[in-house]
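An overview of the molecular structure
Listed below, chain by chain, are the residues.
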Amino acid sequence: VIHDVHLEPAHIIRKRSVDQPLRIYLHYDKSVSLLPSRKYRDLLQKDILPKAVRYWQDTLRVRATRVPIRLRRKCQSGKVGYENQTLFCRGECDKKTICGDITIPEEHLETCFCVDCDESSKGRRGPGVSNADFILYVATLSSERCRHGNTVAYAAYCQQERALDRPVAGYFSICPYFLSTSPQQTKQLLSTIKHEILHALGFTAGLYAFYRDQDGNPLTTREGYDNKPIYNRTLDLYQPSEKVVRRIERPNWLLQSGQENRSVWMIVTPKVVEEVRRHFNCSTLEGAELEDQLMNGKTLADGLIDGTAFTHWEKRVFENEAMTGTYTQNPVISRITLALMEDTGWYRVNYDNAKEYEWGKDLGCDFVKTNCYEWIKNKSERKESIHPFCNQVKWGQLHTDCTNNRHSVAVCNLVQHKSPLPEKYQHFSELEGVSSDDVKRFGGSVDLADHCPYLQELLWKSGDSSIRGSRCTEEHNNLDVKHNYFLEKYGNTSRCFNHDGMWHLQHCGKTVQTQHMGSGCYEFECDPEEGLSIIVQSKRHRCYKEGQKVSIFYDSTQLRHQGSIICPACNEICQELSIPCPDETEPPEIKVDTSNSLPPYPCHGTFLRVTDIFHVCYISTQVLLTQILIAKLSPTDILFNIF
């Protein structure tokens, strides 16, 4: 990282209002033009990256940069000196200056300030980049970092300006093997790029010590001839003060063997504290907990950090917040992350661009200050729901459920590991159907979440190909008719509803087994007089009360579908739309006409017979009995590695 990029005098910049919408200048490395497919170049340059950049430009405001940005040249020896707090090279200037893996163009560079150097090594002063507050260098390099785990992309800042230490240049590289035009991976890639850009703009451990208050004063004491914070050589970063990051002790951290002392690291800046206390409904919460796990399995307690620990939110506490260290499902940039950007002292933020964030909301201090073992234990003893965690063991047929907001079909990611987990990640003393010897091997599949098990969205696959996701509100997740066993419908007006046991599919009188059961996505309507109705392929089924079972009986050309959907409480669905619900009543009695026998089982051809005996929905569907999709959990080990 190169410091002290001179733009304008500090006293001028400090007086300037923070009212300029952030202007990000994109410079593409030649590796982007070398991508083998035009569709990938267009995806990156015309679609995904502009969307991500536009989001941050609409969200962040800065003190305007009113001169061209000219970046500093690298010193060849790495040795620097200061005169009147102005940095210069001792010896020659390097012929090439890089930002991450990307060579900075000569026209973006200032002439080199050096002593004991040849005049020719100083280089010319380039025109710089005008009408910009930040330069982002973009590449698609198959680097060594891409071969580390399942890395999707990596990014960082590379140069900071002198007056207020704000980063003014950074880089971002996508591992080219991950580029895909499939809706599922495109969605993940957009979230990844937003995530990585934010690291370059300020959310990274190397910048914590440079954060400032709203008047531009450093939150960490400056010392020495270079006017920089103290450098911690063990952690290999400038040491932030306790006004920014603080170590908090949890003396009564409960394990199965008893209590122990647990240390957590937290961002404790003012607006972050305000937001986390409001979100979790915990007035004594000290701050926002940072990730403590390293990629090698060690933790911050070992005195080390890496690209995941210390520079992301703790996954156990924040789950699908976009700035956690691994992508699992439906990433959300919350008010908490935007508050951190405001607390850097460099930005004002538009909180209207924060998304609704539900994980842990209003669950209180007992949730956010303890581990999931204690939460699950206490809730179970009181016969209460252990939400947001779960304890359904996957045996045999996959059993799906609904997320708490009913926006997605999901599955409990509780899995059996090859060996017993460390005690700090053992969250159950007993599990239904699991022996006492084996229970120590069961935990959530997400390492960074401390193996806490929770409901997680699915990615449906056929072989290695992604077919669709399980989010009900996304229309591209609709099944083709031959695989729509449960008569589902995905779209903006759909939610997840639980099934009452197994659905029965029959062909020529023989039962056909599906590979999963438990829930599905269906359209719905809310009405202040009739309440909630579930719509199955255009037919309305009114829910008179919570727990009512809506029966479905339908014949397609090859299958007979029989099953039922369980009605949730009306408020659980309609409150989101601010539509009041009527009082619950008993559903009217359904009289079954037994005078007519059922039609023969469908076997082939175009025959379709509809019956309304059991609130039947009508749809023509054809299922190839030999082609049944297998559901696989989406990968939970994709790390956002920031170097």
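- In the annotation of an unreviewed UniProt entry, the chain is listed under the name Leishmanolysin-like peptidase and assigned to Octopus bimaculoides.

**Observations regarding the overall build of the chain**
- Per the secondary structure count, the chain includes 10 helices and 35 strands.
- The buried share of the chain, taken over its 643 residues, is 55%.
- Sequence-distant contacts, at least 24 apart, represent 67% of the contacts inside the chain between residues at least 6 apart.
- Accessible area of the chain: about 28700 Å², with a carbon and sulfur share of 46%.

**Some points on the side chain of T337**
- Following the sequence through the fold, T337 ends up in helix α7 (residues 335–343).
- Exposure remark for T337: the relative accessible area of 0% places this residue in the buried category.
- In this structure the side chain of T337 is engaged in a polar contact, spanning 2.8 Å, whose partner is the side chain of E321.

**As for the packing of aromatic side chains**
- Scanning the entire structure with this criterion turns up 19 aromatic pairs.
- Measuring from centroid to centroid gives 5.7 Å for F280 and F318, while their planes differ by 70 degrees, and the two rings are edge-to-face. With F280 in helix α5 (residues 270–280) and F318 in helix α6 (residues 315–318), the pair connects residues that are 38 residues apart, well separated along the chain.
- On the basis of an interplanar angle of 80 degrees and a centroid distance of 5.4 Å, the ring pair of F367 and W375 is categorised as edge-to-face. Comparing F367 with W375, the two get one shared label, buried.
- Cluster of aromatic residues (ring-pair linked, three or more members): F203, F280, W313, F318, W359, F367, W375, F389 and Y454.

**Topic: the sheet that holds strand β16 (residues 258–267)**
- If you walk across this open sheet you meet the three strands as β15-β16-β17, and the pairing is antiparallel. The strands lining the two open edges of the sheet, one partner per strand, are β15 (245–255) and β17 (288–289).
- Looking at chain direction, β15 and β16 are connected through nine bridges and run antiparallel. Note on β16: the bridge partner recorded for R246 is M266.

**Considering the nonpolar core**
- The biggest cluster of nonpolar side chains holds 99 residues, and the ones touching the most others in it are W56, I193, Y208 and W313.
- Among the elements that take part in this core, helix α3 (residues 38–59) stands out by supplying eight residues, more than any other.

**Thoughts on the side chain of D555**
- Within the element layout of this structure, D555 appears in strand β33 (residues 549–555).
- Overall, the relative accessible area of 2% leaves D555 in the buried class.
- A distance of 2.8 Å separates the side chain of D555 from the side chain of R560, its partner in a polar contact.

**Some points on the pattern of salt bridges**
- Counting across every chain of the model gives 34 salt bridges.
- Its salt-bridge partner being D292, residue R262 comes within 3.0 Å of it at the nearest N-O pair. Here D292 lies in the loop between β17 and α6 and R262 lies in strand β16, a separation of 30 residues in the sequence.
- With a relative accessible area of 12%, R262 lands in the buried category.

**Here we look at the UniProt feature "active site" (unreviewed entry) in the chain**
- The UniProt record marks E196 with the feature "active site" (unreviewed entry), using the residue numbering of this structure.
- Among the structural elements, E196 can be located in helix α4 (residues 183–201).
- Since its relative accessible area comes to 0%, E196 is described here as buried.

**Concerning the pairing of strand β10 (residues 134–139)**
- Within β10, six of the six residues are buried, leaving the element largely enclosed by the surrounding structure.
- Both faces of β10 are covered, namely the face carrying F134, L136 and V138 and the face carrying I135, Y137 and A139.
- Pairing of strand β3 (residues 24–28) with β10, which is carried by five bridges, proceeds in the parallel orientation. Bridge assignment links Y28 to a residue of β10, and that residue is V138.
- By the bridge criterion, five bridges tie β10 to strand β12 (residues 167–174) in an arrangement that is parallel. Bridge pairing links A139 to S173 in β12.

Criteria and cut-off values
- Each chain has its residues counted from 1, running along the sequence as written.
- In keeping with the model being predicted, local features are shown solely for residues with a pLDDT of at least 70 and side-chain atom pairs are shown and tallied solely at 80 or more, while totals for entire chains, interfaces and linings include all residues.
- For side-chain calculations, the full set of non-hydrogen atoms in the structure is used, while hydrogens and water are omitted.
- By definition, any uninterrupted DSSP run of H or I lasting at least four residues is a helix, any uninterrupted run of E lasting at least two residues is a strand, and each is numbered from the N terminus.
- Buried, partly exposed and exposed residues are distinguished by accessible area as a fraction of the type maximum, computed with a 1.4 Å probe on protein chains only: under 20%, between the cut-offs, and over 50%, respectively.
- Residue contacts are counted whenever heavy atoms from the two residues lie within 4.5 Å of one another.
- Note that accessible areas follow from Shrake-Rupley with a 1.4 Å probe, and for residues the cover is restricted to the protein chains shown.
- Pairs of N or O atoms are called polar contacts if they sit within 3.5 Å, as long as, within protein, a hydrogen donor faces a hydrogen acceptor (for residues adjacent in sequence, only side-chain-to-side-chain pairs).
- Working definition: rings of Phe, Tyr and Trp (its six-membered ring) pair if their centres are within 6.5 Å, and the pair is stacked with planes under 30 degrees apart, edge-to-face with planes over 60 apart, and tilted otherwise.
- Each pair of strands is called paired provided DSSP finds at least two bridges between the two strands.
- Within this scheme, the nonpolar core is defined by two criteria: the residues are buried Ala, Val, Leu, Ile, Met, Phe, Trp, Tyr or Cys, and they are joined through side-chain atoms within 4.5 Å.
- Salt bridges are counted wherever a side-chain nitrogen of Lys or Arg sits within 4 Å of a carboxyl oxygen of Asp or Glu.
- UniProt positions are given in the numbering used here, feature names are shortened, and annotations may be inferred rather than shown by experiment.

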